[in-house]
Protein chains: 2
Amino acid sequence: MTHVEADPRLPIIWITREFRARPARLLRAHTDPDLFAQWVGPDSMQTRVEHWEARTGGSFRYLSVRGDESYAFYGCFHEVRPDRLAQTFTYEGDPDGVALNTLWFEDLGDGRTRLRTRSLVDSFETRDGWLRSGMEAGMQDGYRKLERMMDE
Amino acid sequence: MTHVEADPRLPIIWITREFRARPARLLRAHTDPDLFAQWVGPDSMQTRVEHWEARTGGSFRYLSVRGDESYAFYGCFHEVRPDRLAQTFTYEGDPDGVALNTLWFEDLGDGRTRLRTRSLVDSFETRDGWLRSGMEAGMQDGYRKLERMMDE
C-alpha cells in the first residue's frame, strides 16, 4: 500500500511505502538506470534514459514514451548516500516548475525498508496541480512494478 | 539596497537587489568561478572554489575560509539559462538541510538588472534559523562586493 498525503502546512507531497528489500537494494533500484527504467512510470509507458549519473553532483534526463508521445523529465542529484537521496525534478513541459525530492530509505529489519519521499515545490497551486495531474496513478503503477522487482 | 523578506506563507526567503549591469554580465558573475569567488560571502572570509561546473546538470563545492576556519558549501545546478538559475545549496555543517535557490535576472533596460532570489527550504524553523545565522550580513557584504565589481 502506498500512502500519499498532501502536507497541511507546506507545499509538500509525502509518499510512503514499504518494500520487501534491504535499503541498499531498494536504493540501487533508484540509482541504477537500467533498473530504474524498468519500474518508473505508468504501466502504459516505456522509460528511455538519455543521461544518468546518480552520484552527489550528478544529473539525469529520461523520456517517458508511448507510441509517438514522449515526455521528458530531468534534474540533478544534490546528494546520493545510503540512507537518503536528494534530487531536483522537472517535467520539461513545465520548465519553470522545479520540485526538490528527498527519499529516505529506512531499514525496518527482516529485509524490509520503508521508503519515504518528500516532494517540495514552491506553491500550493503547483503542489495541488501535481496531485490532480494523474501523477499519483503513474506512481502507483510504478511502485507495483518496483515491488514485483524487489520480490524476485 | 538589498531587500530581504521572509515569506509570510511559505518557508521561503526572498532577496531582491538591483545592479548596474546587463543580465548577461550579472549572470556571469554567478557562473564564472573566478568572478563568483571574488564577491560571495562576508568581507572577512576568502572563497576557495573546489569544484565548479555551472551548467544544467552540473554541480559546485566551495570553501569559505578565514585563517584556520573553513566552511564548505555544495549543491547542484538544476538549470542554467540566461534569465534564471535554479540550484540546490547545502552548508556541510548541516548536511540534511537543502535549499532550492532560484535566481531571476530581470532586464530593467539602461544597463540595469533586478536580481531576485528565492530560497525555498523544508520548514519555517529551518528558514528562520538561516535568517538568524548571520547569513544576511554575509550576503549584504557579498552584494556590496558584487556591486563594486559590476561598477568597474
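Since we're looking at a predicted model, the values are computed, not measured. (Residues numbered from 1 in each chain as written. Chains lettered and ligands numbered in written order. Predicted model: local features only at pLDDT ≥ 70, side-chain atom pairs only at ≥ 80, totals over all residues. Heavy atoms only, no water.)

Caption draft 1: Representation of the overall build of chain A within the structure. In terms of helices and strands, chain A carries four helices and eight strands. Over its C-alpha atoms chain A spans a radius of gyration of 15 Å, differing by no more than 12% from the 15 Å that the globule rule assigns to 152 residues. For chain A, the C-alpha atoms occupy an extent of roughly 40 × 40 × 30 Å along the three principal directions. Considering chain A as a whole, with its 152 residues, one finds that 53% of them fall into the buried category. Contacts spanning at least 24 positions in sequence make up 45% of the contacts within chain A whose residues lie at least 6 apart. Summing over all exposed atoms, chain A offers an accessible surface of approximately 7200 Å²; the carbon and sulfur share of this is 48%. (Helix = DSSP H or I, 4+ residues; strand = E, 2+ residues; numbered from the N terminus. Rg over C-alpha atoms; globule rule 2.2 N^0.38 Å. Buried < 20%, exposed > 50% of the residue type's maximum accessible area, 1.4 Å probe, protein only. Contact = heavy atoms within 4.5 Å. Areas by Shrake-Rupley, 256 points an atom, 1.4 Å probe, with all protein chains shown as cover.)

Caption draft 2: Main features of the relation of the copies chain B and chain A. With an RMSD of 0.0 Å, the fit of chain B onto chain A corresponds to turning through 180 degrees and sliding 0.0 Å along the axis. This pairing of chains is accounted for by a two-fold axis. (Least-squares fit on C-alpha atoms with pLDDT ≥ 70 in both.)

Caption draft 3: Geometry of the state of the cysteines. Throughout the structure, instances matching the rule amount to one disulfide over all chains. Paired by a disulfide, A:Cys76 and B:Cys76 hold their sulfur atoms 2.2 Å apart. Disulfide A:Cys76-B:Cys76: the torsion about the S-S bond is 65 degrees, which places it as right-handed. Taken together, the positions of A:Cys76 in strand β5 (residues 69–81) and B:Cys76 in strand β5 (residues 69–81) put the pair across two chains. Each member of the pair, A:Cys76 as well as B:Cys76, is classed as buried. (Disulfide = S-S within 2.5 Å.)

Caption draft 4: Focus on the pairing of β5(A). Residues and elements named next belong to chain A. Examined bridge by bridge, strand β4 (residues 59–66) and β5 share eight bridges and lie antiparallel to one another. From the neighbouring strand, Leu63 faces β5, where its bridge partner is Ala72. Taking the residues that link successive antiparallel strands as the turn, the β4-β5 hairpin has two residues, and the phi of Gly67 there is positive, at about 60 degrees. In this structure, β5 lies alongside strand β6 (residues 84–91), joined through six bridges in antiparallel fashion. Pairing of Tyr74 across the sheet is with Thr90, part of β6. Connecting the antiparallel pair β5 and β6 is a turn made up of two residues. (Pairing = 2+ DSSP bridges.)

Caption draft 5: Representation of the pattern of salt bridges. Under the counting rule described, the total for this entry stands at 38 salt bridges over all chains. A:Arg81 serves as the salt-bridge partner of A:Glu79, at 3.5 Å between the closest nitrogen and oxygen. A residue is classified by how much of its surface remains accessible, and A:Glu79, at 12% relative accessible area, is buried. With its nearest N and O atoms 3.6 Å apart, the salt bridge here joins B:Arg28 to B:Asp32. Taking relative accessible area as the criterion, B:Arg28 reaches 47% and is therefore assigned partly exposed. By relative accessible area, B:Asp32 is classed as partly exposed at 21%. Beyond isolated ion pairs, a larger network of salt bridges with shared partners links A:Glu79, A:Arg81, A:Asp83, A:Arg84 and B:Asp96. (Salt bridge = Lys/Arg side-chain N within 4 Å of Asp/Glu carboxyl O.)

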